[in-house]
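Understanding the architecture of this molecule
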Amino acid sequence: APEQDLAGLRMLVTAGGTREPIDPVRYLGNRSSGRQGAAVAAAAALRGAKVVLLAANIDESVLAGVRELAGVRIVPVGTAAELEEAARAAAAGARAIVMAAAVADYRIAAPADHKIRKEDAPGQAPTLTLVENPDILVGLVRDRIADQIIVGFAAETVESEDELLERGLRKLARKGVDLLAVNAVGWETGFESGENELLVLDADGHVVTRTAGSKRQVADRLLDAVREELRDDLT
Ligand code: C5P
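Residues numbered from 1 in each chain as written. Predicted model: local features only at pLDDT ≥ 70, side-chain atom pairs only at ≥ 80, totals over all residues. Heavy atoms only, no water.

The protein chain is annotated in an unreviewed UniProt entry as Coenzyme A biosynthesis bifunctional protein CoaBC from Leucobacter exalbidus.

Here it is as structure tokens:
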């Protein structure tokens, strides 16, 4: 068993990707598998933390390994609004928050209450009107409790590592988090794979960790950075 260096730490972890309904049978979604966030929850529990994992549309095959761990409670959520409500409820009891979920920036303004059928408007492609979702992470930072460590994620499509760092620094300033985990994503990398590469920035914009490997290994290095932020006052 790994060292219990997070013993008793109450954590909130979000993972997966939200789905925003278009009608009762369709949604706007994203390609997040939830693997990285689930790996953070599992690694934290194995180090002694008590974790609430808000799981947005994560496949059971990804959750199976987490479900058997004593230290994790899994709460399923669907939309960004559901994720926000559950995150607010759980945040007050969490010393550390890791927001790994891919939250939809927009939702459908008025989802149809019946299936949209093409025979109802032949030859007329429908127009989807979107409205912006609240930034859950920014809300949690605004309402943070004393000594809470808040970690955001930034998945970016970039041309170079310089651009990745630059986008990370700008996101850090916008979100006000203690740590930002930045990774490059694209058609081939990041989302569905078992491997990941992360840069972790602290609130001053310093790169505190640069790590690559399995999502579990990466999760442990990220948790090392969280542990470091907590200093020695872990109780
Ligand atoms: O701005 P961007 O979506 O790249 O920010 C990513 C970070 O912000 C992630 O930690 C994600 O969970 C969080 N986020 C959020 N609410 C949103 C959008 C993103 O909490 N509406």
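**Comments concerning the overall build of the protein chain**
Across its full length, the protein chain holds 6 helices and 12 strands. For 235 residues, the compact-globule formula gives about 18 Å, and the C-alpha radius of gyration of the protein chain, at 18 Å, lands near that figure. Taking the principal axes of its C-alpha atoms as reference, the protein chain extends roughly 65 × 40 × 35 Å. Relative to its full complement of 235 residues, the protein chain shows a buried share of 48%. Sequence separation of at least 24 residues holds for 67% of the intrachain contacts in the protein chain that already meet a minimum separation of 6. Only carbon and sulfur atoms are counted for the fraction: they give 49% of the accessible area of the protein chain, which is about 12200 Å². If you average the places of the 28 positive and of the 37 negative side-chain charges in the protein chain, the two averages end up 4 Å apart. (Helix = DSSP H or I, 4+ residues; strand = E, 2+ residues; numbered from the N terminus. Rg over C-alpha atoms; globule rule 2.2 N^0.38 Å. Buried < 20%, exposed > 50% of the residue type's maximum accessible area, 1.4 Å probe, protein only. Contact = heavy atoms within 4.5 Å. Areas by Shrake-Rupley, 256 points an atom, 1.4 Å probe, with all protein chains shown as cover. Lys, Arg positive; Asp, Glu negative; His and termini not counted. Charge placed at Lys NZ, Arg CZ, Asp CG, Glu CD.)

**What about a nonpolar patch on the surface?**
Judged by side-chain polarity, Leu28, Tyr106, Leu128 and Leu130 come together as a nonpolar surface patch covering roughly 330 Å² of accessible area. Within the secondary structure, Tyr106 is located in strand S7 (residues 106-108). (Patch = residues over 30% accessible without salt bridge, like charges linked within 9 Å, V, L, I, M, F, W, Y side chains within 5 Å. Salt bridge = Lys/Arg side-chain N within 4 Å of Asp/Glu carboxyl O.)

**Some remarks on the site of the ligand**
In the neighbourhood of the ligand, 13 residues make up the surrounding shell, with Met99, Ala101, Leu137, Phe153 and Lys171 lying closest. For the ligand, an oxygen atom lies 2.9 Å from a polar atom in the backbone of Phe153. Relative to its unbound accessible area of 440 Å², the ligand is 87% covered by the protein chains. A breakdown of the residues in the shell around the ligand according to their chemical character gives 8 nonpolar, 1 polar and 4 charged. (Near = heavy atom within 4 Å. Polar contact = N/O pair within 3.5 Å; in protein donor to acceptor, adjacent residues only side chain to side chain. Nonpolar A, V, L, I, M, F, W, Y, C, P; charged D, E, K, R; others polar.)

**So, the pairing of strand S6 (residues 96-99)**
Working note: regular strand, side chains alternate between the two faces of the sheet. A two-sided burial pattern is seen for S6, the buried positions comprising Ala96 and Val98 on one face and Ile97 and Met99 on the other. Pairing geometry for strand S1 (residues 10-16) and S6, over 4 bridges, is parallel. What sits directly across from Val13, in S6, is Val98. (Pairing = 2+ DSSP bridges.)

**A look at the pattern of salt bridges**
For the coordinates displayed, the defined rule picks out 17 salt bridges. The shortest N-O distance in the salt bridge between Glu60 and Arg67 comes to 2.8 Å. For Glu60, a relative accessible area of 40% corresponds to the partly exposed category. Its relative accessible area of 46% is what places Arg67 among the partly exposed residues. Bridged by salt links that share partners, the residues Asp5, Arg47, Asp220, Arg221 and Asp224 form one connected network.

**Focus on the pairing of strand S2 (residues 20-23)**
Sheet topology places S2 next to strand S3 (residues 26-28); 3 bridges connect them, and they run antiparallel. Looking at S3, one finds that Asp23 is bridged to Arg26. In this antiparallel pair of consecutive strands, S2 and S3, the connection spans 2 residues.

**Quick notes on the sheet that holds strand S11 (residues 195-202)**
Sheet architecture is open: 8 strands sit in the order S5-S4-S1-S6-S9-S10-S11-S12, paired in mixed fashion. At either end of the open sheet lies a strand with only one pairing partner, and these are strand S5 (72-77) and strand S12 (207-214). Taken pair by pair, the neighbouring strands of this sheet meet at an average axis angle of 15°, ignoring direction. In the packing of helix H5 (residues 161-175) onto the sheet, contacts are made with strand S9 (149-156), strand S10 (179-184), S11 and S12, and the angle to S11 comes to roughly 50°. (Axes fitted to C-alpha atoms, helices over the stretch in contact; angles between N-to-C directions.)

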